[in-house]
Amino acid sequence: MGACQEEERAGVRLTNLDQPLSPDAGATKRDLVDYLDAVADRMLPGLKGRPLTVLRVLRGQKPFMQKNVPKYTPEWVKTTTMWADSSQRQVRYALCDDRATLLWFANQRSVEYHPTLGLADNIYRPTHMVLDLDPPGDDDFAAVVAVANLVRRALADCGLAGALKTSGAKGIHVFVPIDDSAPVDDVAAATRALAARAEALDPEIATTAFIVSDRGGKVFVDSTRAGGATVAAAYSPRLRPGTPVSFPVKWSDLDRINPADFTVHTAIEQLGDCDPWAETMPEPQRLPTDLIEHGRTIPVARVAAMHEGKRRARARRQKA
């Protein structure tokens, strides 16, 4: 192995640095390590104390989401163990609290970083209310921007404010920091209500329809990121062509950017010495009672979609 392929940072041995991440990533493992090292001080506050899921891409294998840390994980990597209802087993999650842990993950070819919305001591108490705005196609970012502005209006109408970032894919994440006064079910209800209010401002371009075929080419305002959900962290790379990153954006700059502008190659220069995620994030806010009450009248999207799917299946059987 050549010297250029291996080095050490923060006590972490880094190997095979000049190998590409994927055929279309346009980036090597060294590019990933250099980028994450450069943004560590800005990215770690969003990871610290939160059970972490990563997307890894190993040579010759399909990318996979990793929740349970591997057996060879160093002892100095902080972990937390919790029960996972979905898989009916105990899962040992990493807590990425420091630069060394982030570099260790980078060396494991962990490209994406998805922390929980709640901290490890109670992942079901989210620190932020989140809406994920997802366009119907790859070339519809202008429509996403328009819907993001609807969300901003809906927030302002109930006395709230949020920060936003590109998802690193083709959409936008709106984060609304909240205090700990509302139980998780109330946070989920308020999220549904916020999505519904944004949709109501212009239903020609925004939809809360969970079933894809019902969206009619509109931007999906996804209100399901609640409870123990994860969301790609601010500054996280994404495993897509060109290796874009989830990049914080000021509301005033939203109509002047494109998600593809921010990659592991370009983001550092655009950041300079700034930390826009910290700078644009409002202080935690109390959720208005009327927003919560409104949300309680709205069915949970996944549950409603499941019932609707069964209803449509019955209708098809009856026609057959």
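Above this text is the structure in question.
Residues numbered from 1 in each chain as written. Predicted model: local features only at pLDDT ≥ 70, side-chain atom pairs only at ≥ 80, totals over all residues. Heavy atoms only, no water.

Caption draft 1: Local environment of the pairing of strand S6 (residues 89-95). Note: strand S3 (residues 51-56) against S6, two bridges, orientation antiparallel. Paired with Pro51 across the strands is Leu95, a residue of S6. Two elements, strand S5 (residues 79-84) and S6, share six bridges in a ladder whose sense is antiparallel. Residue pairing across strands places Trp83 opposite Gln90, the latter belonging to S6. Taking the residues between adjacent antiparallel strands as the criterion, S5 and S6 are bridged by four residues, where Gln88 takes a positive phi near 55°. (Pairing = 2+ DSSP bridges. Helix = DSSP H or I, 4+ residues; strand = E, 2+ residues; numbered from the N terminus.)

Caption draft 2: Highlighting the environment of Met43. If you trace the backbone, Met43 turns up in helix H1 (residues 29-47). Expressed as a C-alpha distance, the spacing of Met43 and Trp277, which sit 234 residues apart in the sequence, is 8.9 Å. Once residues within four sequence positions are removed from consideration, Met43 is found in contact with Leu36, Leu102, Tyr113, Ala234, Tyr235 and Ser236. (Contact = heavy atoms within 4.5 Å.)

Caption draft 3: Fine view of the nonpolar core. Within the largest apolar cluster, 82 residues are counted, with the highest numbers of intra-cluster contacts made by Leu47, Leu102, Tyr113, Leu133, Ile172, Val174 and Leu287. Setting aside residues up to four positions removed in sequence, Leu287 forms contacts with Met129, Leu160, Ile178, Ala182, Asp186, Val187, Ala190 and Ile292. The next biggest cluster of nonpolar side chains, apart from the first, holds five residues, and it includes Met82, Ala84, Val91 and Ile123. (Core = buried A, V, L, I, M, F, W, Y, C linked by side-chain atoms within 4.5 Å. Buried < 20%, exposed > 50% of the residue type's maximum accessible area, 1.4 Å probe, protein only.)

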